[in-house]
Amino acid sequence: MTSTLITNIGELATLDPERDGLLGIVTDAAIALEGDRVAWVGPAHRAPAADAAIDAGGRAVLPGFVDSHSHLVFAGDRAQEFAARMTGEPYSAGGIRSTVAATRAANDEQLTSQVARFVQEMRAQGTTTVEIKSGYGLTVRDEARSLAIARQFTAETTFLGAHVVPEGMEPGEYVDLVTGPMLDAAAPYAKWIDVFCEQGAFDADQARAILRAGTARGLGGRLHANQLGPGPGVLLAAELGLTAVDHCTHLTDADVSALRETGTIATLLPGVEFSTRQPYPDARHLIDSGVRVAIATDCNPGSSFTSSMPLCIALTVREMGMSPAEAVHAATRGGAAALGRTDIGTLAPGRRADLVLLDAPSHVHLAYRPGVPLVAGVWTGGRPRPRV
Ligand code: NIG
Ligand code: FE
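The structure displayed is predicted, hence computed values, not measured ones.

Caption draft 1: The overall build of the chain, seen in detail. Across its full length, the chain holds 14 helices and 17 strands. By its C-alpha atoms, the chain is 65 × 45 × 45 Å across when sized along the principal axes. With 388 residues in all, the chain has 55% of them scored as buried. Long-range pairs, those at least 24 residues apart, make up 71% of the contacts in the chain between residues at least 6 apart in sequence.

If you want it as structure tokens, here you go:
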């Protein structure tokens, strides 16, 4: 097994809870990688010998970002819908159906090369783990092939047949399809099952039935909820003990208490509020209330067409009241927790060697220098990935 030492790191954010502070920062640090794992972390002057050494030049290193929510399997775009929103049109979930039509019409090669392009964009911006959902097929064939394509890029695949009821079907008939033949076809390629629980999509009873059918098949449950207005989704996520509930834009005090008590991760998606001109969720209040939070891009052609975790970090800090350290935590350890993973999101011996070198002296620059491509290097499983 080859070993690599990255040394002369000005600020190493380990995110290791055994170390001090939210980010477990080690200054004047080094990190040794062996095979696909972190082998050693500590002060540079005590670093072990390695096959190869890389000088970080006093710059910052942190765990690769964990983007726990994206919808990358689609065709077409909705730039006109975005432009209309910026001049006053409201966002509506109905736009999903135009992407469904384009996705059904695309062949496997087209969809696969789209996903490859977005995953490369993400990697170049420091994302080392991405979750990818289906949800723009909405037929047995198109949901299964969406997941088979997503599986080529990540183990974190999510069956979102319950995105909206497709044109030409009755809600009850579609729920039967999703919980029956569609689940049968999708389950071999999926780790998770998700439902869009919102007015105009699926109500709490439908979402409960779909999530229970998925969990009975061994899939983990997650939910899109409380995005466009208050609703029952967050309480449903708490009732079912889901790992994560995503969006969480419109919350009542009861929702916040339920999240705190169950430990379900609230995944905040600031690209959505940016791209739909809606009010941002109050991350400050959630954190101060003891809720565990993650941030993710929600990359999709409708509500949030960004692949950039650094942008999401900057928005979360500027618009949602998080400190830069809290935002980095939410984008690394938080994302890992939202995927039920402990092997990623932290740089400590034995964890996966997924890390990012910033062209900056500290993590603060991710929010302080918004829009600037600060990612100078990315390692996934101990291997350097060229910048695209
Ligand atoms: O997470 N909320 C539901 N689904 C996506 C949006 C999908 C779309 O507009 O195409 C989301 O925001
Ligand atoms: Fe989403």
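Caption draft 2: Layout of the site of ligand 1. Taken together, 13 residues form the shell around ligand 1, and within it Ile96, Phe196, Asn300, Gly302 and Ser303 come nearest. Here the residues of the shell around ligand 1 are counted per class, giving five nonpolar, seven polar and one charged.

Caption draft 3: Structural context of the nonpolar core. By size, the foremost hydrophobic cluster in this structure holds 124 residues, and its most contacted members are Ile31, Val61, Val234 and Ile313. Examining the composition of this core, we find that eight residues originate from one element, helix H5 (residues 171-186), more than from any other. The residue makeup of this core includes at least three contributed by each of domain 1 (3-63 + 346-385) and domain 2 (66-338). Not counting the four nearest positions on each side in its chain, Val234 is found in contact with Ala225, Asn226, Val245, Cys248, Leu251, Asp255, Ala258 and Leu259.

Caption draft 4: Structural view of the domain arrangement of the chain. Parsing the chain into structural domains produces domain 1 (3-63 + 346-385) and domain 2 (66-338). For domain 1 versus domain 2, the distance between C-alpha centres works out to 29 Å. The interface is formed by 19 residues belonging to domain 1 together with 20 residues belonging to domain 2. Taken together, the elements giving at least two residues each to the side of domain 1 that touches domain 2 come down to strand S5 (60-63), helix H14 (365-368) and strand S16 (375-380). Here the element with the most residues in the side of domain 1 that touches domain 2 is S16; it accounts for three residues. Residue composition of the side of domain 1 that touches domain 2, by class: 14 nonpolar, three polar and two charged.

Caption draft 5: Layout of the environment of Val195. Along the polypeptide, Val195 turns up in strand S10 (residues 192-197). With sequence-adjacent residues up to four places away left out, Val195 is seen in contact with Ala162, Phe202, Ala207, Ile210, Leu211, Leu223 and His224.

Caption draft 6: Spotlight on the environment of Cys197. Mapped onto the elements, Cys197 comes out in strand S10. Since 28 C-beta atoms lie within 10 Å of it, Cys197 is described here as buried. Through-space distance from the C-alpha of Cys197 to that of Val234 is 9.2 Å; in sequence the pair is 37 residues apart. Ignoring any residue separated from it by four or fewer positions in sequence, one finds Cys197 in contact with Phe202, Ala204, Ala207, Leu223, His224, Ala225, Gly231, Pro232, Gly233 and Leu236.

Caption draft 7: Local environment of the packing of H5 against helix H6 (residues 204-216). Between H5 and H6, whose axes approach to 10 Å, the crossing angle comes to 10°. By the angle between their directions, the pair H5 and H6 is classed as roughly parallel. Along the contact surface, H5 presents Pro171, Val175, Val178, Thr179 and Leu183, while H6 presents Gln206, Ala209, Ile210, Ala213 and Gly214. For the contact of H5 with H6, the residue count by class is seven nonpolar, three polar and no charged.

Caption draft 8: Fine view of unusual backbone geometry. In this model, Asn226 sits at a positive phi of 55°, which is unusual for a non-glycine residue. One can find Asn226 in the loop between strand S11 (220-225) and helix H7 (233-240). Residues other than glycine seldom take positive phi values, yet His247 does so here, at roughly 95°. Among the secondary structure elements, His247 is positioned in strand S12 (residues 244-247).

Caption draft 9: Representation of the confidence of the model for the chain in the model. Mean pLDDT over the chain stands at 97; residues scoring 70 or higher make up 99%. Within the chain, strand S6 (residues 65-67) carries the highest mean pLDDT (99), whereas strand S17 (residues 383-385) carries the lowest (92).

Caption draft 10: Expanded view of the pairing of S10. Counted residue by residue, S10 has six buried out of six residues, so it is predominantly covered. A two-sided burial pattern is seen for S10, the buried positions comprising Trp192, Asp194 and Phe196 on one face and Ile193, Val195 and Cys197 on the other. Across three bridges, strand S9 (residues 157-162) lies against S10 in parallel orientation. Each bridged residue has a counterpart across the sheet, and for Ala162 the counterpart in S10 is Val195. Read from S9 through H5 to S10, the crossover connection turns out right-handed. In terms of strand pairing, S10 meets S11 through six bridges, oriented parallel. Bridging across to S11, Cys197 finds its partner in Ala225. In this fold, the crossover linking S10 to S11 by way of H6 has right-handed handedness.

Cut-offs applied
Residues numbered from 1 in each chain as written. Chains lettered and ligands numbered in written order. Predicted model: local features only at pLDDT ≥ 70, side-chain atom pairs only at ≥ 80, totals over all residues. Helix = DSSP H or I, 4+ residues; strand = E, 2+ residues; numbered from the N terminus. Buried ≥ 20, exposed ≤ 12 C-beta atoms within 10 Å, placed from the backbone. Contact = placed C-beta atoms within 7 Å. Near = placed C-beta within 6 Å. Nonpolar A, V, L, I, M, F, W, Y, C, P; charged D, E, K, R; others polar. Core = buried A, V, L, I, M, F, W, Y, C linked by C-beta atoms within 7 Å. Domains from an automatic or database assignment. Axes fitted to C-alpha atoms, helices over the stretch in contact; angles between N-to-C directions. Parallel < 35°, antiparallel > 145°, perpendicular 65-115°, else oblique. pLDDT = per-residue confidence, 0-100. Pairing = 2+ DSSP bridges. Right-handed = clockwise from strand over helix to strand, strands pointing away.

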